[in-house]
Amino acid sequence: MRLERLTANKIKIFLTSDDLIDRGLSKEDIWKDSSKWNQLFHDMLEEASEEFDVDIQGSVAVEIFSLQAQGMIMIITVNEVEEDEEMLYDGFIEMQVSVGGFDDLIYEFEEFEDIIDLAKRLSSMNILGGSLYTLNNRYYFLMVKFDVSKNEQAACVFSEYGNASIISPHVLSEYGKSIIEDKAVETILHFFK
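Residues numbered from 1 in each chain as written. Predicted model: local features only at pLDDT ≥ 70, side-chain atom pairs only at ≥ 80, totals over all residues. Heavy atoms only, no water.

Peer 1: Could you give an account of a negative patch on the surface, with specific residues and numbers?
Peer 2: Negative charge collects at one region of the surface, where Asp43, Glu46, Glu47, Glu50 and Glu51 lie side by side. Within the secondary structure, Glu46 is located in helix α2 (residues 35-52). (Patch = residues over 30% accessible without salt bridge, like charges linked within 9 Å, V, L, I, M, F, W, Y side chains within 5 Å. Areas by Shrake-Rupley, 256 points an atom, 1.4 Å probe, with all protein chains shown as cover. Salt bridge = Lys/Arg side-chain N within 4 Å of Asp/Glu carboxyl O. Lys, Arg positive; Asp, Glu negative; His and termini not counted. Charge placed at Lys NZ, Arg CZ, Asp CG, Glu CD. Helix = DSSP H or I, 4+ residues; strand = E, 2+ residues; numbered from the N terminus.)

What follows is the structure, encoded as structure tokens:
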């Protein structure tokens, strides 16, 4: 689990699929009112509160974004409590949850050689396409509308060479530099056989 403070009252939490499995949860448990999910949420709020020295009480808005094989991102916005309202909550947290998702697979790489090796493996699995970006001295491989359920093995191959990224495709296109658009596997293999 990774925590990042976005603003004074907004925190981003990234949970990998392994984080969820370790706690006996799946992404589908979000929809259920399970005690495991509630416990995980309260544990995350407590850890965020300690790490960022934020007093989390009152109402919080939670946006959850599913990242297919990579896990999920939660954006927690803490709404300020007026002094006369504090007595009403007294340790109780009111939650508003909205759920969204990404159909894209994005992995981060430190070395270009890892991307060459990945392209060779993907090609042998008959998986082509993808886009390659660079941002902050790292490489990002993006597969748009990647159906993980059909390509679960490919998602595992990505994990062998890189790390799941929490950067969205919109951030990549806005701030990253495009190296190869749409045909990354084919282009890399053409130049680096």
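So that's the structure; there's more coming.
Peer 1: Which residues make up the sheet that holds strand β6 (residues 105-109), and what values do they have?
Peer 2: The strand order across the open sheet built from five strands is β9-β6-β8-β7-β10, with neighbouring strands paired in antiparallel fashion. Two strands in the sheet have a free side with no partner beyond their single neighbour: β9 (163-164) and β10 (177-180). Two elements, strand β7 (residues 131-135) and β10, share three bridges in a ladder whose sense is antiparallel. Opposite Tyr133, over in β10, you have Ser178 as the bridge partner. (Pairing = 2+ DSSP bridges.)

Peer 1: Lay out helix α4 (residues 112-124) in plain terms, naming residues and giving numbers.
Peer 2: Along an α-helix, a turn takes 3.6 residues, which lines up residues three or four apart on a common side. Spanning 13 residues, α4 covers 19 Å between terminal C-alpha atoms, matching the ideal 18 Å at 1.5 Å per step. Residues of α4 that are buried: Phe112, Ile115, Ile116, Leu118, Ala119 and Leu122. The buried residues of α4 occupy an angular sector of 165 degrees when the element is viewed end-on, so they sit on one face. Residue Asn126 follows α4 closely and has a positive phi angle near 65 degrees. (Expected span 1.5 Å × (residues − 1). Buried < 20%, exposed > 50% of the residue type's maximum accessible area, 1.4 Å probe, protein only. Arc of directions from axis to C-beta.)

Peer 1: So what about the environment of Asp104? Which residues, and what values?
Peer 2: Its location among the elements puts Asp104 in the loop between β5 (93-101) and β6. Distance in space between the C-alpha atoms of Asp104 and Lys145 is 5.1 Å, their sequence separation being 41 residues.

Peer 1: Tell me about the pattern of salt bridges, and name the residues and values.
Peer 2: Counted by the stated rule, this structure contains three salt bridges. Note that Glu110 is salt-bridged to Arg138, the shortest N-O span being 3.5 Å. Of this pair, Glu110 sits in the loop between β6 and α4 while Arg138 sits in strand β8 (residues 138-143), placing them 28 residues apart in sequence. With relative accessibility at 28%, the residue Arg138 sits in the partly exposed group. Linked by salt bridges that have partners in common, Glu108, Glu110 and Arg138 make up one network.

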